[in-house]
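# What the coordinates show
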Amino acid sequence: MTAIQATQWNALTARIAIFPVVPFSDPPSSINLYKAVWGADPDQFFKQPNPLRPSVAQGVIGGVLANCAVLQSRIDFSLGPAPSNSPDDSDLPTIEDTSQVRKELVKIIDSVKSGIITEPVGRVATVVQFIIVASTFSDANRILVAAMPNQYKITLADEEDFIFQVNRAHRVVDNIRMNFLKKWSVERFQIVNVPISIGPGAPPSPTFNVQPVEILAASVTFDNNNMPQLIPIDHENQALLLNRGLSQVAQDQRDFGMNIAGFEP
Amino acid sequence: MSNIGVYLQPLAVSASSAYITSDTTEESANQTNQTYTVTSPSTIISISPNAPQPRLFRKSFSSLPIITMAELVLEYHELGEALSEMTTLDDDDERWIDPPVANIARRVASELMNGGYPAPHIFNHGPKSVVFNWSRGADNLYLTVSTDSISALISSPQRIKRRIDYPLTALATPDRLFPSIQSAYWERPIIVIKSASSDAMERPLA
């Protein structure tokens, strides 16, 4: 039996998504939203060339890559692993400090509650994905099955690309129905380095001969969101729904025995 | 490597990217610093020479979509640019459209993109309306958008086969509006796959 490379669930990504009742005719600026949440200028800002393209503000907050992306039909505040100077290009970057993820998600929700988004909102989502890198499909499957509730546990060997998803939807705040999606899956990641040659006097690029690094991971994703509403949800209830989603992540990860720091209920 | 003009540029591969931007470029003597941002609702990855570290991304090896979302989104980006340009022309240019009309057209385009519909061709019909056009064999679907209504016209080379008018309020339920137009165009029931996920490009449960 091959040893499992890691046993700690790390966060790969997390996001708070906000959906307007109708697409924005004049989308809010991602840089203003970023500043409103994190109280600092982003490290990078890409303004929206036209309303069908995103505006993105991005920076590193507390060791986590924080992003605000605004499209006509949604606003995503997302968190990811911050760039590092790791000498090993084959590492799959993750957020080890999951407490920081929880902290930033709470900060975003508090900002939403304070009314940083003035346009009518009909749907919100709290999404978090945790992974453990595995060396083989058997290992990844074993990790996943261990993180499933007893009623869903199945027997897996070395099957590839396992996916299992359930939704325990029910009504919550203000009679709004929420989806509580849980997805167990084995994900394949590919990391590619492409050498390019640019500038006067630069030698020609070497032949395109990329050797991508492939990494397997056991993944558990929580996507807790409400059904779209045609009547706008007020700021207070937006925050209630988002917090309900976040607390359900905490509850579920405990029930699944994932023991994720910072996400204790 | 950059000393000899070859830069190790990390590249992210993402079959599920919802939107991609390629932005800042600063040239120096023998190298170019480029920053690419690959963005999807589940991930945003910043790739820059200042952090010359490859950023992942997910690639689905065992199944391939008919058209990748990245391609679809890029087509809609071009559509958005065309709409923006049409509002900035001189108002005596026959392609010029009123900005309020462009706003409604963008909203329609945004909903079409969210629904995963192929990007249409676009032209105007005077300054007060924008026409989205799809072709299927010899048949055409023209979706005319103005500030107060949406009109779908389906025509063959011989005749107008069908015309359906909707008030602008029909846009409040795009999950019903566009499948109904699609059904009329394809002359058969449309099966819509819905999802409870908040990911992009998945039709929400209504």
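Everything here concerns the structure above.
Residues numbered from 1 in each chain as written. Chains lettered and ligands numbered in written order. Predicted model: local features only at pLDDT ≥ 70, side-chain atom pairs only at ≥ 80, totals over all residues. Heavy atoms only, no water.

### Observations concerning the pairing of strand β7 (residues 130-136) of chain B
All names here are of chain B. As a reminder, the rule being used: The cut-offs for exposure are 20% and 50% of the maximum accessible area for each residue type, with area from a 1.4 Å probe on protein chains only; residues under the lower value are buried, those over the upper are exposed, and the others partly exposed. Where helices and strands are cited, they refer to DSSP runs of H or I of at least four residues and of E of at least two residues respectively, numbered from the N terminus. DSSP bridges decide pairing: two strands pair if at least two such bridges lie between them.
The buried count for β7 comes to five of seven residues, which makes it a mostly enclosed element. Summarising the sheet, strand β6 (residues 121-124) and β7 pair through four bridges and their orientation is antiparallel. Residue pairing for β7: Ile122 is matched across the bridge by Phe132. Hairpin connection between β7 and strand β8 (residues 139-145): a loop of two residues separates the two successive antiparallel strands, and Gly137 in this loop has a positive phi of roughly 60°.

### Observations regarding the pattern of salt bridges
Here is the rule: In what follows, salt bridge is the name for a side-chain nitrogen of Lys or Arg lying within 4 Å of a carboxyl oxygen of Asp or Glu.
The tally for this structure, following the rule as stated, stands at 17 salt bridges over all chains. Across the salt bridge formed by Glu81 of chain B and Arg53 of chain A, the nearest N and O atoms sit 3.4 Å from each other. Separated into two different chains, Glu81 of chain B in helix α1 (residues 69-88) and Arg53 of chain A in the loop between β2 (44-46) and β3 (55-61) make up a pair that spans both. Taking relative accessible area as the criterion, Arg53 of chain A reaches 14% and is therefore assigned buried. Residues joined in a network through salt bridges with shared partners are Arg15, Arg74 and Asp76 of chain A together with Asp199 of chain B.

### Section: the environment of Ile191 of chain B
Residue and element names in this part refer to chain B. Within the secondary structure, Ile191 is located in the loop between α3 (174-186) and β11 (194-195). Using a relative accessible area of 77% as the deciding quantity, one classes Ile191 as exposed. On a C-alpha basis, the gap between Ile191 and Pro179 in space is 8.3 Å, while along the polypeptide they are twelve residues apart.

### Structural notes on the sheet that holds β8 of chain B
Residues and elements named next belong to chain B. For clarity, the cut-off: Orientation is described by axes fitted as lines to C-alpha atoms, over the contacting stretch for helices, and by angles from 0 to 180 degrees between their N-to-C directions. For this analysis, residues touch if any pair of their heavy atoms sits within 4.5 Å.
Pairing is antiparallel across the open sheet formed by five strands, whose spatial order is β6-β7-β8-β9-β10. What marks the edges here is a single partner per strand, and that holds for β6 and β10 (160-167). Each neighbouring strand pair of the sheet contributes to a mean axis angle of 20°, computed without reference to strand direction. Sheet topology places β7 next to β8; seven bridges connect them, and they run antiparallel. In the strand pairing of β8, Val131 is matched with Thr144. On top of the sheet, helix α2 (residues 99-114) reaches β7, β8 and β9 (149-155); it is set at about 35° to β7, its chief contact. This element, α3, spans β7, β8, β9 and β10 of the sheet and lies at about 150° to β8.

### Describing the nonpolar core
We apply this condition: Put simply, buried Ala, Val, Leu, Ile, Met, Phe, Trp, Tyr and Cys residues joined by side-chain atoms within 4.5 Å make one nonpolar core.
By size, the foremost hydrophobic cluster in this structure holds 62 residues, and its most contacted members are Trp9, Ile18, Phe77, Leu105, Phe130 and Trp184 of chain A. Considering every element that reaches this core, the biggest residue donor is strand β6 (residues 121-134) of chain A, with six residues. Once residues within four sequence positions are removed from consideration, Ile18 of chain A is found in contact with Arg74, Ile75, Phe77, Val112, Ile117, Val121, Arg123, Val124 and Leu242 of chain A. Of all hydrophobic cores here, the second largest spans 36 residues; its members include Val73, Ile97, Val145 and Ile181 of chain B.

### Quick notes on unusual backbone geometry
Residue and element names in this part refer to chain A. Even without being glycine, Asp161 reaches a positive phi, approximately 60°. Look at Asp161 and you get partly exposed, because its relative accessible area is 25%. Although it is not a glycine, Asn259 sits at a positive phi angle of roughly 55°. Turning to its location among the elements, Asn259 is positioned in the segment after α4 (235-255). Looking at Asn259, the relative accessible area reads 61%, which means it is exposed.

### Side note on the pairing of strand β1 (residues 10-20) of chain A
All names here are of chain A. In terms of burial, β1 is a largely internal element, eleven of the eleven residues being buried. In the sheet, β1 pairs with β6 via ten bridges, with the strands oriented antiparallel. Bridging from a neighbouring strand, Phe19 pairs with Arg123 of β6. Bridging between β1 and strand β5 (residues 74-81) involves five bridges; their strand directions are antiparallel. The residue bridging Ile18 from the neighbouring strand is Ile75, located in β5.

### Some remarks on the environment of Asn150 of chain A
Take Asn150 of chain A: it is sitting in the loop between α3 (137-146) and β7 (163-167). Along the backbone, Asn150 of chain A and Phe256 of chain A are 106 residues apart, and their C-alpha atoms lie at a distance of 9.1 Å.

### Quick notes on helix α1 (residues 30-38) of chain A
Residue and element names in this part refer to chain A. This is how the line gets drawn: Note that the arc is defined by the directions from the helix axis to the C-beta atoms. In protein, a polar contact means a hydrogen-donor-capable atom and an acceptor-capable atom, both N or O and within 3.5 Å, with residues adjacent in sequence counting only if both atoms are side-chain atoms; elsewhere, any N or O pair within 3.5 Å suffices.
When we look at burial in α1, the residues that qualify are Ser30, Leu33, Tyr34, Val37 and Trp38. Seen along its axis, α1 keeps its buried residues to an arc of 105°; they face one direction. On the buried face of α1, the contacting elements are β2, β3, β4 (64-71), β5 and α2 (98-113). The opening residue of α1 is Ser29, an N-cap whose side-chain oxygen sits 3.2 Å from the backbone nitrogen of Ile31.

### Observations concerning the packing of aromatic side chains
Residue and element names in this part refer to chain A. Heads up, the condition is: Centres within 6.5 Å are what make two rings of Phe, Tyr or Trp a pair, Trp counting through its six-membered ring; a difference in plane orientation under 30 degrees is then read as stacked, over 60 as edge-to-face, and the rest as tilted. We count a charge as sitting over a ring when the NZ of a lysine or the CZ of an arginine lies within 6 Å of the ring centre and within 35 degrees of the ring normal.
One pass over the full model with this rule turns up eleven aromatic pairs over all chains. Between Tyr34 and Trp38, the aromatic rings sit 5.0 Å apart at their centres with planes inclined by 50°, giving tilted as the arrangement. Within this pair, Tyr34 and its partner Trp38 are both found in helix α1, separated by four residues, close to a single helical turn. A relative accessible area of 9% means that Trp38 is categorised as buried. Centroid distance Trp38 to Phe77: 6.4 Å. Interplanar angle 70°. Geometry classified as edge-to-face. Here the residue Trp38 occupies a position in helix α1, and Phe77 occupies one in strand β5, the gap between them amounting to 39 residues. A connected cluster of aromatic rings, assembled from ring pairs, spans Phe130, Tyr152, Phe164, Trp184, Phe222, Phe256 and Phe263. It is Arg102 that lies over the ring of Phe263; its NZ or CZ is 5.7 Å from the centre.

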